[in-house]
Amino acid sequence: MGDPAGIGPEVIAKALSRRELYDLCRPIVVGDTSTMERQLTCAPGVRSVRQVGEPDEAVCEYGTLEVLQIATDVSAVRPGQLSPEAGRAAVECVRVAAALARDGRADAIVTAPLNKAAMHLAGYSYPGHTELLAEFFGVQRYSLVLTTGELFVFHVTTHVSLREAIELLTVDRVQGTIELAHSFATTLGRERKSIGVAGLNPHAGEGGLFGREDEEVIRPAIEAARLEGVDVEGPMPADALFPKAAQGKYDFVVMMYHDQGHVPFKSLYFDKGVNITVGLPVVRTSVDHGTAFDIAGRCMASEESMVKAIELAAALAPAWGKVWEAVKTDVA
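A brief look at the structure comes next.

About the thresholds
Going along each chain's sequence as written, the residues are numbered from 1 onward. With pLDDT at 70 or above as the cut-off, local features in this predicted model cover only qualifying residues; side-chain atom pairs require 80 or more to be listed or tallied, and sums for whole chains, interfaces and linings still use all residues. Side-chain figures throughout are based on the complete set of non-hydrogen atoms in the structure, without hydrogens or water. Only runs of H or I of at least four residues qualify as helices and only runs of E of at least two qualify as strands under DSSP, and these elements are numbered from the N terminus. Each residue's exposure class comes from its accessible area (1.4 Å probe, protein chains only) as a fraction of the maximum for that residue type: buried when under 20%, exposed when over 50%, partly exposed otherwise. Should any heavy atoms of two residues lie within 4.5 Å, those residues are considered in contact. Axes, fitted as lines to C-alpha atoms, cover a helix only where it is in contact. Angles between the N-to-C directions of the axes lie from 0 to 180 degrees. An angle counts as roughly parallel when it lies under 35 degrees, as roughly antiparallel when it exceeds 145, as roughly perpendicular when it falls between 65 and 115, and as oblique in every other case. Note on convention: the crossing is left-handed when the near helix lies turned anticlockwise from the far helix by less than a right angle, right-handed when the turn is clockwise. Lys, Arg, Asp and Glu make up the charged group, whereas Ala, Val, Leu, Ile, Met, Phe, Trp, Tyr, Cys and Pro make up the nonpolar group; the residues left over, Gly among them, are polar. Two strands are counted as paired when DSSP detects at least two bridges linking them. Note on terminology: disulfide denotes any pair of cysteine sulfur atoms within 2.5 Å.

Turning next to the side chain of S83. Note that S83 resides in the loop between β3 (64–69) and α3 (84–102). The buried category is assigned to S83, whose relative accessible area is 11%. With residues up to four places along the chain from it excluded, the contact list for S83 reads V77, A118 and L121.

Right under this line is the structure:
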């Protein structure tokens, strides 16, 4: 459900107003029943909300939104207002859903947005969903991937400061992300094109004039990946790489830090984009937007990204075992 003070509950209810999604999957909401009941005025296709104690109790019929109730009390949470209760509930939703998937009782996880400040108020210092799930499943090598279903944008670093992102860049980390992209592409049968890798600095460093990271970290990582049989090109200036990818030259690209990938992707595909975590043993997709506190509780949020996230999770789930076998490397 995500943060109950944000637009997550609303976009879930609106998405599950679409009958066609029930032909693809059996959706169950991990969250709060009362919070979801308040969304019915925004979701004309949903007639009622039903609480279930276990996934096996769910009937999953169109028109009834079924909720696996979390323990956190969110009765005091108000739309658009930051609170530790909301942050605690969002983390519990993720952990309950992850446990269901780990235990084979759910085939995929689709996450609505959480609010990082609320999560921190509740005492959880995770930068976001990705890191929380990585810790839960004990994986060391993973990547946040933005996708339209045609273009896949991998990130070497994500929710850290720009200074820390630069400090985190190592040959092993960049090479590992390239190899994750290659393994994922191969498993999907999409390895026909080269993987494009962005440089860190303007003009990919211009031969060292604008920074040494491109020559001393990124290029050696690319060369090492080539020795492992990966078809990869770069480092390329990010402002040249992304337009080429958007025009179809590359299906898979690797960006060095959060905004380097997110800004151009969201500029082009905001309502069409989905977030995948590659490197987990289970499917996890997500909307590619935040909690939008400014419009929470007003029935104004678009459900398009949530619909895409559900559709992609349903499409990926049957073959995810092969994906996991291909990408797993460093599991604690």
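Before going further, it helps to spend a moment on the packing of helix α7 (residues 171–187) against helix α12 (residues 320–327). Direction vectors running N to C along α7 and α12 enclose 150°, while the axes themselves pass 9 Å from each other. Compared by their axis directions, α7 and α12 come out roughly antiparallel. Helix-helix and strand crossings are classified by hand; for α7 and α12 the assignment is right-handed. Contacts from L180, S183, F184 and T187 in α7 reach W320, K322, V323, A326 and V327 in α12. Residues of the contact of α7 with α12, tallied by class, amount to 6 nonpolar, 2 polar and 1 charged.

In spatial order, the strands read β4-β11-β10-β5-β6-β9-β7-β8; together these 8 strands make up an open sheet with mixed pairing. Each edge of the open sheet carries a strand with a single partner, namely β4 (108–111) and β8 (232–236). Strand-to-strand twist in this sheet, taken as the mean axis angle between neighbours without regard to direction, amounts to 25°. In this structure, strand β10 (residues 274–278) lies alongside strand β11 (residues 283–287), joined through 3 bridges in antiparallel fashion. Opposite I276, over in β11, you have T285 as the bridge partner. Helix α5 (residues 129–137) rests against β4, β5 (143–147), β10 and β11 of the sheet, and its axis sits at about 165° to β11.

Turning our eyes to something else, we now look at the state of the cysteines. Inspection of the entire model under this criterion finds 1 disulfide. One disulfide bridge connects C42 with C299, the sulfur atoms lying 1.7 Å from each other. Its S-S torsion of about -65° marks the bond between C42 and C299 as left-handed, since a negative value means left-handed. Pair noted here: C42 is in the loop between α2 (33–37) and β2 (48–52) and C299 is in the loop between β11 and α11 (304–316), with a separation of 257 residues, a long-range link. Residue class for C299 comes out partly exposed when judged on its relative accessible area of 33%. Here C25 is not cross-linked by a disulfide; its sulfur's nearest cysteine counterpart is in C60, at 8.2 Å. No disulfide involves C93; its nearest neighbouring cysteine sulfur is the one of C60, lying 17 Å away. C93 sits in the buried class, given a relative accessible area of 4%.

Turning our eyes to something else, we now look at the sheet that holds strand β1 (residues 29–31). Reading across the sheet, the 3 strands line up as β1-β3-β2 and stay open at both edges, with parallel pairing between neighbours. Of all strands in the sheet, those bounded by a partner on one side alone are β1 and β2. Neighbouring strand axes in the sheet, compared pairwise and without regard to direction, differ in orientation by 40° on average. As paired elements, β1 and β3 share 3 bridges and run parallel to each other. Each residue of the ladder has a partner; that of V30, found in β3, is L68. Sheet strands in contact with α3 are β1 and β3, and its direction is about 140° off that of β1.

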